[in-house]
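# Observations on chain architecture
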Amino acid sequence: MRHLKAGRKLGRTSAHRQALTRNLATALFEHGRIETTEVKAKEIRRWVEKLVTTAKTDDVHHRRQVSRVIAREDVAAKLFGQYAERFRERPGGYTRIVAKGPRPGDGAPVVIMELVD
């Protein structure tokens, strides 16, 4: 039984899965939208929502918490500056997942994940 075991394994080791999640979250904050598979998008949505909520409060503790996931300082600065101000009054739901269609190689469902306006 998988009681209280949240998250998807994505067919990867835990270190690879953590690196993938950090890289996808960083790319989303850097570019504003990314193209990935549906399963990956639904998994990193959990991380991104928490990071934006954390970035709404700008102090040393929250910056250190965000830096555990977002290693690039320029992307973290963009998160605390531009995105924190944009989502200041929004209580949640910072991302949007739009279906694009199947991937040509293996038919995996591809989506566009973006930060809402």
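Just so we're clear, the structure is a prediction, and the values are computed from it rather than from any experiment.

This next bit is on the packing of helix α1 (residues 14-31) against helix α2 (residues 38-55). Packing of α1 against α2 leaves a shortest axis separation of 10 Å and a crossing angle of 65°. Put simply, α1 runs roughly perpendicular to α2. Between α1 and α2 lies a crossing whose hand is right-handed. Packed against α1, whose contacting residues are Leu 20, Thr 21, Leu 24, Ala 25, Leu 28 and Phe 29, the element α2 presents Lys 40, Ile 44, Trp 47, Val 48, Leu 51 and Val 52 at the interface. Looking at the contact of α1 with α2 residue by residue, the class counts come to ten nonpolar, one polar and one charged.

What follows covers the pattern of salt bridges. Per the counting criterion, the structure on display carries twelve salt bridges. The salt bridge partner of Glu 114 is Arg 33, with a shortest N-O separation of 2.5 Å. Pair noted here: Glu 114 is in strand β3 (residues 109-115) and Arg 33 is in strand β1 (residues 33-37), with a separation of 81 residues, a long-range link. Residues joined by salt bridges that share partners form a network here, namely Arg 8, Glu 43 and Arg 46.

The sheet built from three strands is open, its strands ordered β1-β3-β2 with antiparallel pairing. The open sheet has two edge strands, β1 and β2 (95-102), and neither has a second partner. On average, adjacent strands in this sheet sit at an angle of 25° to one another, irrespective of strand direction. Relative to β3, β1 is paired through five bridges, and the arrangement is antiparallel. If you follow Ile 34 over to β3, its bridge partner there is Met 113. Packing against the sheet, α1 makes contact with β1, β2 and β3, and its axis sits at approximately 145° to β1.

For the rest of this paragraph, the subject is the nonpolar core. Counting residues in each nonpolar core, the largest one holds 26 residues, and the members touching the most others are Phe 29, Leu 51, Ile 70 and Leu 79. Broken down by element, this core gets its largest block of residues, six residues, from α2. Not counting residues up to four positions away in its chain, the partners in contact with Leu 79 are Phe 29, Leu 51, Val 52, Ala 55, Val 66 and Ala 84.

Turning to the confidence of the model for the chain, a few remarks are in order. Chain-level statistics for the chain give a pLDDT mean of 96 and a share of 100% at 70 or above. Per-element mean pLDDT across the chain ranges from 96 in helix α4 (residues 73-86) up to 98 in β3.

Tracing the chain through its elements places Glu 30 in helix α1. Note on Glu 30: relative accessible area 28%, which makes it partly exposed. Along the chain, Glu 30 and Phe 80 lie 50 residues apart, while their C-alpha atoms are 12 Å from each other. Filtering out sequence-adjacent residues up to four positions away, Glu 30 remains in contact with Arg 72, Val 75 and Lys 78.

Reading guide: rules and limits
Residues numbered from 1 in each chain as written. Predicted model: local features only at pLDDT ≥ 70, side-chain atom pairs only at ≥ 80, totals over all residues. Heavy atoms only, no water. Axes fitted to C-alpha atoms, helices over the stretch in contact; angles between N-to-C directions. Helix = DSSP H or I, 4+ residues; strand = E, 2+ residues; numbered from the N terminus. Parallel < 35°, antiparallel > 145°, perpendicular 65-115°, else oblique. Left-handed = near helix turned anticlockwise from the far one by under 90°. Contact = heavy atoms within 4.5 Å. Nonpolar A, V, L, I, M, F, W, Y, C, P; charged D, E, K, R; others polar. Salt bridge = Lys/Arg side-chain N within 4 Å of Asp/Glu carboxyl O. Pairing = 2+ DSSP bridges. Core = buried A, V, L, I, M, F, W, Y, C linked by side-chain atoms within 4.5 Å. Buried < 20%, exposed > 50% of the residue type's maximum accessible area, 1.4 Å probe, protein only. pLDDT = per-residue confidence, 0-100.

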